Every structure is written in structure tokens, then in C-alpha cells.
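If you want the building blocks of each chain, they are given just below.
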Amino acid sequence: MLNFVIFLLMFCFTTLPVAISIQGIFNSSQIIASGIAPECAEYSPVSKGLLYFYNNIIDFLSGTGFLELTYLFYGYYTIDTVTVYIVQYSLPLAYIMVTFAYLLLSIVWIVKRAVKGFKQSLVLDKDRFQSYCNKIFAGWDFCITDQNYADLKHSSLSLELKTDLAEETERQRKEKRTRRETMRIYALRLFLNIIVISILGGCFYAVYFATSYSQEYNSPVSQKTGQLSLLIEYLPSIVITIANFITPIIFEIIVQYEDYAPAFVIRFTLIRCVFVRLASIAVLLISLWTKITSCSNQSCKSCGYNYKDYPCWESRVGQEMYKLMIFDFLIIVAVTIFVEFPRKLLVTYCSCKPVKWWGQQEFEIPANVLEIVYGQTICWIGTFYSPLLPAIATLKYFVIFYIKKITLMENCRPATRPFRASRSTFFFQVILLIGLVLACVPVGVGIASIPASKACGPFINYNTSWQIIPATVDSFPDGLRKLIYVLSSESFAVPFFLLLWYVLAF
């Protein structure tokens, strides 16, 4: 629903005005570049010469070629104003304002739900004995009439009680520790965390190297095409996916030796996995920023960015987010079809001891939540550079929901490890909020710090995308301009945000 609302915002305020102006329904004016060096305005993404059918498939999967000059990417939005009767609609201003609007909407939506989950967790954790009595004497739902649902309810209550007992046992065991045992555990945790940091460093270096190699191999100067080019295009996505697949397995092995409480083990492992996924996106963007802003010679200083390799760098960033989202969807579908379903068939129809020992796939809630946070962070980052990306995300999660439902009911069994799903709503919302904060950073840097492309997009005549805001405010009457300056000052912003958080909390 959040992605659908973001899509409506972007479509109604950016895509629809451009589509209307192209159809000639209302008068519109194209952006006319002024005072720009001619070499900075060169941009021709469409391939020339004879194209084979597989080239269109490659372009569709990578967002290049014919797809680059569509409503999907930033570079297509070159309308300056649309005149609706007597009202002039500024597309550059609307593009910036709707970006701030969807980020603010996401923050308010997530914080509101996180506060609700926080209240529930406070009530549940206030008195452990009271919670135990509630499960024993009032935990059953007498409206259940189906045997399958009754078995699921039995299993749920059983897991909750097992978790309570495991936490109480762990609490008693910690109280009986000697000082020597405590020092030994802390030393072991320090050593294992050094290993974890080394693994993270290796993953981040691999992502940085893969991104740099992919950008150099598929730069406009090289003009390479073919299946190998598509593989290199997806190399950062492949490396990130491999890192996301391997590191959780390693972290689950390591955390077994760190002697944490069962509930904390799940959350700590999840935090590490979230850090790997979100930091991998950050490393990808940092390597992109480095390539975009660095020049091998002094000739590109007139443009402010590396215009030879990135004539429309915003669309290139949008393509990277587009590829990450497409590849993430393909991996989820492929794992379901080629891993989980064959595993279910083997366990069901094969009597071999190794297969029986391997067992049926478990449906782990934290891992699936992690996939959602990862994909949603990609959507938040890529929406500014690819305005229709939320529509793809909406369709993606609509399909994934039913894929997960089928694999849950047909291919998986309940997790054997105790897990408090009812108390983790707040924790999952906090992780989603961390992903949103991470998404705001690259979007803010791209808007406020990196020079806007001079060959595409609605901000050709501005040094940065942010400059449309002060330029518009300066055109207002004096009274309105002074009011806006007061509303944007720290003396108003701090009380406003405090009041906003209070309203969201209560």
C-alpha cells in the first residue's frame, strides 16, 4: 500500500503532466539549456545500427537502450512548465516537492506503526508472570472450529511457552556465572566480532570492486553489447545477492558460540544481516558517486561531473536501482521454484537418510522481513531517479505475497527455534525505519551536493537539483518569502518535529 501511494504521488505530479504535454492537451514548454558547455549536453542512449531481438531483452533487464528514454527514468522528464488554463505548473519544482512528500509520508507512516508496536511490547514485557498466566488461562481462542487451525494455535502457544522457559533458564544461568566465565565469554565475543567485521569488510570490498568493474566495462565509451555485457551489468547485484546469501549462514554459526539469550540471538543476527544488506547498497552508491564526481582529466570540470561516462548520471543511478529490484525479484522466484519446491519433493518422496536429515524447509520470519526491508530501501532510493519504480515495487510485492503464501503452506514447516512474532512488530518497524533513513542520505546527497546533469532531466539549468527551491522562494512576494524563511528556520523546525512526534505517539 505504501508503494502504491508513492506511485500515485509520482505519477500524478510528475509523469502525468509530462504525458499530457506530449499529447498536446495543454500548452507546455521544453527546458532550454542556457550557458552550458556543448560537450556537457551530449546524450544519446539509443543504440544505433542493426539490433537483434536479444538486445531488447538485455535493454529490458538492464534499463538501457529503448527503455532509458521512457517515463521510467529521470532523463525523460525535460518539460519545464505546463500551462493549465491560466495556471503554470512547474515540473522541476513538483519533482523536488513530491520527492520530499513521499519520504515524509513514509516516515510518518512507519513511525506511527512503530509506536503502536512499542506500546504493545511495553504491555507484554511489563510483567512476565502476568504474561505467562495469560497464555495458560486465557490464551486459547474458542472461536476456532477447524482442526488445522487448532493445531496451528496449539503450536503457537507451545512456541510462546518454550520461549518463556528458554529465556527464564538463560536468565538463571547468567546469574550463576563466575567472573572468570564472564571474562572468557567477553573475550570470545570480541574475537568473533573481529571475524564478523573482517567478513563485512570483505563483502563491502567485493561490492565496490564489482561496481567499479561493471561501470568501466559498460561505460558509453566502451560501447560493448551482448550476453557478457548483461552479466557484467548485473555483476554488482550478483555480488550483493551472494553476500546476502552467505553471510547469514556464517553469522548463524558464529552467534551459536557467543552465548546470548535465544530472543537476542535472533535479533542480533537479524541486525547483522540488515547491516550487510543495507551497507552493501551504501557501498554501491558510494562507488557510483566516486565515479560520477571524479574526472580523469581537467576537461570535465566545466560540467562538474564525469559527463563522458555519465552524461545523464541520474538515469544511471536509476538503472542500478532498477536492476537491483528486478534481480531481487528473480532470485526470490528462482529460490522458491528451484530450491524450496524440489526440497519438499525430495523430503516427501525420498527415504534416504541424508535427505531426511536435511529435512523440510523452515519458514523464518526474520529472513523474510529482511527481504522486504532490503527491497523497500531500494525503492525509496530509486524513486527520485526512476519515478515509476514504486509501480514495479507494488507489482513485485503483490506477486511475492502469493509466492510466499504458497511456499509457506506447501513447502515449509514451522520454525523449530522459539520466536516471539507478536512482540517483534516494533523491532521490524525500527529496522524498516533504518532503511528509510539510509535511503534519505543518498537521495539528499544527489539533490543537494552533486551537480545536476546538463544533458537530461528537469534541472538542466541549475547547478544542483535543490537550487529550484531557493530560486522559487525568491520569486515570491516579500511577506510570503519572509514567512517561508521563518518556517524553515531552526527555531520553528525543532518545536514542530517535537510536536509531530508527540502527536504520532499519542
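Whatever comes next refers back to the structure up there.
In this report, we go over the structure that sits alongside the text. Bear in mind the structure is a predicted one, so any value in this text is a computation, not a measurement. (Residues numbered from 1 in each chain as written. Predicted model: local features only at pLDDT ≥ 70, side-chain atom pairs only at ≥ 80, totals over all residues. Heavy atoms only, no water.)

### Notes on the packing of helix 12 (residues 365-382) against helix 14 (residues 425-448)
Reasoning step 1: As a packed pair, helix 12 and helix 14 sit with axes 9 Å apart at the nearest point and diverge in direction by 25°. As far as their axial angle goes, helix 14 and helix 12 are roughly parallel. Here helix 12 and helix 14 pass one another in a crossing that is right-handed. The segment helix 12 lies against helix 14, with Ile365, Pro366, Val369, Val373, Gln376, Thr377, Trp380 and Ile381 engaging Phe428, Ile431, Leu432, Gly435, Leu436, Leu438, Ala439, Pro442 and Val443.
Reasoning step 2: Split into classes, the residues belonging to the contact of helix 12 with helix 14 amount to 14 nonpolar, three polar and no charged. (Axes fitted to C-alpha atoms, helices over the stretch in contact; angles between N-to-C directions. Helix = DSSP H or I, 4+ residues; strand = E, 2+ residues; numbered from the N terminus. Parallel < 35°, antiparallel > 145°, perpendicular 65-115°, else oblique. Left-handed = near helix turned anticlockwise from the far one by under 90°. Contact = heavy atoms within 4.5 Å. Nonpolar A, V, L, I, M, F, W, Y, C, P; charged D, E, K, R; others polar.)

### Description of the nonpolar core
Reasoning step 1: Counting residues in hydrophobic clusters, the biggest one holds 89 residues, and the most contacted among them are Trp313, Trp380 and Phe384.
Reasoning step 2: Among the elements that line this core, the one with the most residues is helix 9 (residues 262-293), at 13 residues.
Reasoning step 3: The two domains that each donate at least three residues to this core are domain 1 (1-126 + 311-462) and domain 2 (179-296).
Reasoning step 4: Discounting residues that sit within four places of it in the chain, Phe384 has contacts with Tyr74, Tyr95, Ile96, Thr99, Tyr102, Val443, Ile447, Phe459 and Ser465. (Core = buried A, V, L, I, M, F, W, Y, C linked by side-chain atoms within 4.5 Å. Buried < 20%, exposed > 50% of the residue type's maximum accessible area, 1.4 Å probe, protein only. Domains from an automatic or database assignment.)

### Here we look at helix 10 (residues 313-349)
Reasoning step 1: When the terminal C-alpha atoms of helix 10 are compared, their 53 Å separation across 37 residues agrees well with the 54 Å that a helix rising 1.5 Å per residue should span.
Reasoning step 2: Along helix 10, the sharpest change in direction is near 30° and occurs at Thr336. (Expected span 1.5 Å × (residues − 1). Bend = angle between axes of the 7 residues up to and from the residue.)

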